[in-house]
Amino acid sequence: MTAGGHIEYRIQHLRDRLAREDIAELGVRVETRGPTAHVWGSVTSPDCRAAVLRIAEEELAGLPWHDDLTVSCHNPPDHPEELS
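As the structure is a prediction and not an experimental result, all values here were calculated from the model.

Trainee: Can you tell me about the nonpolar core, naming the residues and giving the values?
Mentor: L14, L18, V28, V30, V39, V52 and L60 are the most contacted members of the largest nonpolar core, which has 17 residues in total. Taken together, the elements giving at least two residues each to this core come down to α1 (3-20), β1 (28-33), β2 (36-43) and α2 (46-59). For this core, the leading source of residues is α2, giving five residues. In contact with L60, not counting residues within four places along its chain, are R10, I11, L14, A37, V39 and W65.

Take a look at the structure:
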C-alpha cells in the first residue's frame with residue numbers, strides 16, 4: 001500500500017468511527033492536506049470535542065495530523081438584546 005493510500009485508509013476508519021460511536025458526530029470533516037490529516041468542523045460541546053480528539057489520536061497514531069474544531073452553542077439567548 002502506498003503512503004497516500006495508507007493515510008486515506010486510516011482517515012476512512014476515523015470517519016466511520018465518528019459516525020457510528022456514541023457521539024455520532026457528523027459535523028466533523030477529515031481530509032488530507034499533503035502528508036497531513038486535517039480534522040476540522042463544528043461540534044456541540046467541549047466533551048464532544050474531547051471525544052473527537054481522543055478517537056482521532058487513536059485512529060491516526062503515528063501520522064501527522066492537525067485539528068481545527070470549534071464548539072458551537074445552539075442555546076437561545078438568556079437575556080434580551082439591548083438596542084439603542
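What follows continues from the structure just given.
Trainee: Any details on the pairing of β2? Residues and values, ideally.
Mentor: Put simply, side chains in a regular strand alternate between the two faces of the sheet. Taken together, the six bridges between β1 and β2 define a ladder with antiparallel strand orientation. The residue of β2 that forms the bridge with T32 is A37. Adjacent in sequence and paired antiparallel, β1 and β2 are bridged by two residues, among which G34 carries a positive phi angle near 70°. Bridging between β2 and strand β3 (residues 65-71) involves seven bridges; their strand directions are parallel. Among the inter-strand pairings, S42 is bridged to a residue of β3, identified as T70.

Rules and cut-offs
- Residues numbered from 1 in each chain as written.
- Predicted model: local features only at pLDDT ≥ 70, side-chain atom pairs only at ≥ 80, totals over all residues.
- Heavy atoms only, no water.
- Core = buried A, V, L, I, M, F, W, Y, C linked by side-chain atoms within 4.5 Å.
- Buried < 20%, exposed > 50% of the residue type's maximum accessible area, 1.4 Å probe, protein only.
- Helix = DSSP H or I, 4+ residues; strand = E, 2+ residues; numbered from the N terminus.
- Contact = heavy atoms within 4.5 Å.
- Pairing = 2+ DSSP bridges.

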